[in-house]
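Structural overview for review
Next come the chains, spelled out residue by residue.
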Amino acid sequence: MSDKRRIAPSPRGAPLTGHLNRLRNDVLGLMMDGTSACGDVVRFRVGPLVMHLVNHPDHAAHVLIRNRKNYDKASRSSDCLALICGESLLTANGAVWKQRRRTIQPMFHRAAVVGFIDTIAACTSIMLDDWALKARAGEPVEIASEMMKLTFRIVGRCLFGADLEQEAHAVEDAMHVMVLHTYHRWRSILNSPSSWPTPANLRFRKALADVDAIVARLIERQRSNPPAQPNLLTMLMGSTDAETGASLSDEEIRNESIAFLLAGHETTANALSWTLYLLDQHPHWADVIRSEYESACGNAPPRMEDLSGLAQTLHVFEESTRLYPPIWAMERHVIADDEIAGFHIPAHSSVIVSPYTLHRHPDFWEAPGEFRPERFLKRDHEAFMPFGSGPRFCIGSEFALAEARIILPMILQRFELRGEAGQNVEPEPAITLRLKGGFKVRLRER
Ligand code: HEM
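Re the site of the ligand
Of all residues adjacent to the ligand, which total 26 residues, the nearest are Trp 97, Arg 101, Arg 332, Arg 392 and Cys 394. One of the side-chain nitrogen or oxygen atoms of Lys 73 is found 3.2 Å away from an oxygen atom of the ligand. At a separation of 2.8 Å, an oxygen atom of the ligand approaches a polar side-chain atom of Arg 332. Here the ligand is seated within the largest cavity. Listed by contribution, the elements that provide at least two residues to the shell around the ligand are helix 5 (94-104), helix 12 (250-281), strand 5 (330-334) and helix 17 (397-414). If you tally residues by element for the shell around the ligand, the top one is helix 12, at six residues.

Spelled out as structure tokens, the structure:
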């Protein structure tokens, strides 16, 4: 290792708090300005904490793949997430993570996703029937909320074999409170202990208790009445540790269930909402999706073999996740001193790989701010990683891509969507990249 003291460049910050203020109020702007002023390795200081943003595919591969043993998930964002879902596939490290991933992976193989397709289409139809009533009554629809409810319903049926229709609204509210709370904790240097009865902590505890109660009911229902068709819960309940032969405890099953409820719906919902927002700005692409679907499926519901024919729909979705990646930052904890591009990366600091900045890096993308789905006619963009990279690559990517290619054309087949005038839709980074204030549309049946 060469000169370990070579410190990476840093944007100007306040003497004591460093970049805290901007991190709290405009983290995307801070990261974008940081990379354009300082290059591909940027050092941020948040009070006593040091973070490096690495903004090059090769540096991302160093952190997430080649030297991953030095960069684990025991980061501040993981600690915050663990307030919601404890030790689970999202947050675990080492042997626990490996064992869980091995157990759960078969549930998400491409072949298993085939079994989800009819359910995804059925849940979408229910939503669209409701939209038809709204369209006739001239009522607008709030897309971000609709997509959250839809993807939650899908996850409930596909992964938990349960109809969570009644719970969708309560979970949406609870998840909203929880993700904002954990994100506020992540972006603050000083947090009161989570056991203190502050108003924010009490709100969080109530939301968590609501979700816990729903998950406990789900587990109980499966125990007393095991379903004919295996699902994620039955798989978790039946799994044993390869070495010890021990089953997962109730708490471990609860943690995984909440992790999947969260990861399985929030990300996809945001990606779909951003896509519909972009299609509103680029209606020509909505027509492309419609005609592609008509030639692949006619009026019939989609089948797995049809999905590969929906290439343009996929490109639109990819371009949307390029511009607005639902997971906008992946944080890792640095175990031992390291060096990236000649810059010192100290032990116990954080490293961030941000799909948001990487997807807008001008060296890798022509006109990075423009919506151009056709750029994905070329496959294998090295600076494209909406689903992460390396062994922690998103386990649900096939599932999410199937959802996108079913839900988007089904919506567009039945409706024309027009964004209400005067909305200022902006990204709101929390755990995922949300649409601040949502996105309201008027519907017209086709
Ligand atoms: C468009 C939708 C989605 C996006 C953009 C997305 C993105 C990601 C990313 C970037 C990671 C890696 C995080 C890191 O390395 O720190 C990840 C991990 C994960 N995702 Fe997704 N995801 C999506 C949908 C889903 C779905 C539908 C599920 C489940 C049904 C899911 C479950 C998970 C889980 C459990 C992990 C942790 C995997 C591990 O560490 O082994 N995701 N996701």
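Focus: helix 2 (residues 27-38)
Counted at 1.5 Å a residue, the expected span for helix 2 with its twelve residues is 16 Å, and the 16 Å between its end C-alpha atoms agrees. Buried within helix 2 we find Val 27, Leu 28, Gly 29, Leu 30, Met 31, Gly 34, Thr 35 and Cys 38. Of the residues flanking the end of helix 2, it is Gly 39, one or two places downstream, whose phi is positive at about 100 degrees.

Side note on the layout of surface pockets
In this structure, the largest pocket encloses a volume near 400 Å³. If you go around the largest pocket, you meet 16 residues; those closest to its centre are Arg 68, Lys 69, Gly 94, Trp 97 and Arg 392. Among the elements of the structure, helix 3 (57-66), strand 3 (71-72) and helix 5 are those that each provide at least two residues to the lining of the largest pocket. Its residues placed into classes, the lining of the largest pocket shows six nonpolar, three polar and seven charged.

What to know about the sheet that holds strand 8 (residues 350-353)
For sheets, the rule is that strands pair by backbone hydrogen bonds, running either parallel or antiparallel. Here we have five strands laid out as an open sheet, ordered 1-2-8-5-3, and mixed in their pairing. This sheet does not close on itself; its edge strands, each paired only once, are strand 1 (41-46) and strand 3. Bridge count for strand 3 against strand 5 is two bridges, and the pairing is antiparallel. In the sheet register, Tyr 71 faces strand 5, and the bridge partner there is Val 334. Contacts from helix 2 reach strand 1 and strand 2 (49-54) within the one sheet, and its direction differs from that of strand 1 by about 135 degrees.

Some thoughts on the pairing of strand 10 (residues 426-429)
Pairing between strand 10 and strand 11 (residues 433-436): four bridges, direction antiparallel. Across the sheet, residue Pro 427 finds its bridge partner in strand 11, namely Leu 435. The turn joining strand 10 and strand 11, which pair antiparallel and follow one another in sequence, is formed by three residues.

Considering the packing of aromatic side chains
The relative placement of two aromatic rings is captured by the distance of their centres and the angle of their planes. Using the criterion set out here, one finds 14 aromatic pairs in the structure. Between Phe 387 and Phe 393 the ring centres are 6.3 Å apart and the planes differ by 50 degrees, which places this aromatic pair in the tilted class. Here the aromatic residues Phe 108, Phe 116, Phe 260 and Phe 399 are joined through ring pairs into a cluster of three or more. The residue whose ring lies beneath Arg 322 is Trp 365, and the NZ or CZ to ring-centre distance is 5.2 Å.

The rules behind each value
Note on numbering: residues in each chain are counted from 1, in written sequence order. Reporting of local features is limited, given that this is a predicted model, to residues whose pLDDT is at least 70; pairs of side-chain atoms are given and counted only at 80 or more, and all residues count toward the totals for whole chains, interfaces and linings. Water and hydrogen atoms were dropped before computing side-chain values, which therefore reflect all heavy atoms in the structure. When at least one non-hydrogen atom of a residue lies within 4 Å of a molecule or strand, that residue is treated as near it. We call two N or O atoms a polar contact when they sit within 3.5 Å, provided that within protein one can donate a hydrogen and the other can accept it, with sequence-adjacent residues counted only if both atoms are side-chain atoms. Points on a 1 Å grid, built from protein atoms alone, make a cavity when a 1.4 Å probe fits but cannot get out and make a pocket when they are open with protein on both sides within 12 Å along at least 5 of 7 lines; residues with an atom within 4 Å of a point are the lining residues. Grid points define the cavity or pocket, and a molecule sits in it when more than half of its atoms lie within 2 Å of them. Where helices and strands are cited, they refer to DSSP runs of H or I of at least four residues and of E of at least two residues respectively, numbered from the N terminus. Here a helix's expected span is defined as the number of its residues, less one, multiplied by 1.5 Å. With a 1.4 Å probe rolled over the protein chains alone, any residue whose accessible area is under 20% of its type maximum counts as buried; one over 50% counts as exposed, and the rest are partly exposed. Grid points are joined across faces, edges and corners, and a volume is the space filled by probe spheres set on the points. Residue classes follow a fixed rule: Ala, Val, Leu, Ile, Met, Phe, Trp, Tyr, Cys and Pro count as nonpolar, while Asp, Glu, Lys and Arg count as charged, and any other residue, Gly among them, counts as polar. Whether two strands pair depends on DSSP finding at least two bridges between them. It only takes one pair of heavy atoms within 4.5 Å for two residues to be counted as in contact. Fitting a line to C-alpha atoms yields each axis, with helices limited to the stretch in contact; the angle taken between N-to-C directions then spans 0 to 180 degrees. Aromatic rings from Phe, Tyr and Trp, taking only the six-membered ring of Trp, are treated as a pair when their centres fall within 6.5 Å; an angle between ring planes under 30 degrees marks them as stacked, one over 60 as edge-to-face, and anything in between as tilted. Geometrically, a charge over a ring is one whose NZ (Lys) or CZ (Arg) sits within 6 Å of the ring centre while staying within 35 degrees of the ring normal.

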